[in-house]
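Listed below are the residues making up each chain.
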Amino acid sequence: MAGQRFVYRDPDGASEVWLSAVVEAATGVTYQQQYGGRPVCTGRVEGYLVPVFAPDALDWRGRDRH
């Protein structure tokens, strides 16, 4: 993978609450993140990182869902 770049998302788990998506494309940049708690699974995808800032959208408890 000559020329491939890797970006490790939140490697120490200290990040605030955030939401982002990676749109798959041949960019030469691969985003990688650990997930799954104890089994320490790792996911990676090459593409464009699209940050989404909408923390209130994730908290629907107590709201009228209609």
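For the structure, see preceding data.
Draft legend 1. Local environment of the side chain of threonine 30. Position of threonine 30 relative to the elements: it lies in strand E3 (residues 29-35). Among the polar contacts listed, one links the side chain of threonine 30 to the side chain of glutamine 4, at a separation of 2.3 Å. In contact with threonine 30, not counting residues within four places along its chain, are Gln4, Arg5, Phe6, Val7, Arg44, Val45 and Glu46.

Draft legend 2. Just a nonpolar patch on the surface, in detail. On the surface, a cluster of nonpolar side chains totalling about 420 Å² of accessible area is made up of Leu19, Val23, Tyr48, Val50 and Val52. Taken together, the elements giving at least two residues each to the nonpolar patch come down to strand E2 (19-24) and strand E4 (41-52). No other element matches the 3 residues that E4 contributes to the nonpolar patch. Its place among the elements puts leucine 19 in strand E2.

Draft legend 3. Focus on the environment of valine 23. By secondary structure assignment, the location of valine 23 is in strand E2. Distance in space between the C-alpha atoms of valine 23 and glutamate 46 is 8.0 Å, their sequence separation being 23 residues. The contact partners of valine 23, leaving out residues within four places of it in the chain, are Glu46, Gly47, Tyr48 and Val50.

Conventions used here
All residue numbers refer to positions counted from 1 along the written sequence of the respective chain. Only residues with pLDDT of 70 or above have their local features reported here, since the model is predicted, and side-chain atom pairs are shown and tallied only from 80 upward, although totals for entire chains, interfaces and linings are computed over all residues. Hydrogens and waters are ignored; side-chain quantities use all the structure's heavy atoms. Secondary structure elements follow DSSP: runs of H or I of four or more residues count as helices, runs of E of two or more count as strands, with numbering from the N terminus. Definition of a polar contact: a pair of N or O atoms within 3.5 Å, with one able to donate and the other able to accept a hydrogen when the atoms are protein atoms, and with sequence-neighbouring residues admitted only if both atoms are side-chain atoms. We call two residues in contact whenever any of their non-hydrogen atoms come within 4.5 Å of each other. Here, patches come from residues exposed beyond 30% relative accessible area and free of salt bridges, joined within 9 Å for like charges and within 5 Å for nonpolar side chains (Val, Leu, Ile, Met, Phe, Trp, Tyr). All accessibility values rest on the Shrake-Rupley procedure with a 1.4 Å probe; residue burial counts only the protein chains present in the view. Whenever Lys or Arg places a side-chain nitrogen within 4 Å of a carboxyl oxygen from Asp or Glu, that contact is recorded as a salt bridge.

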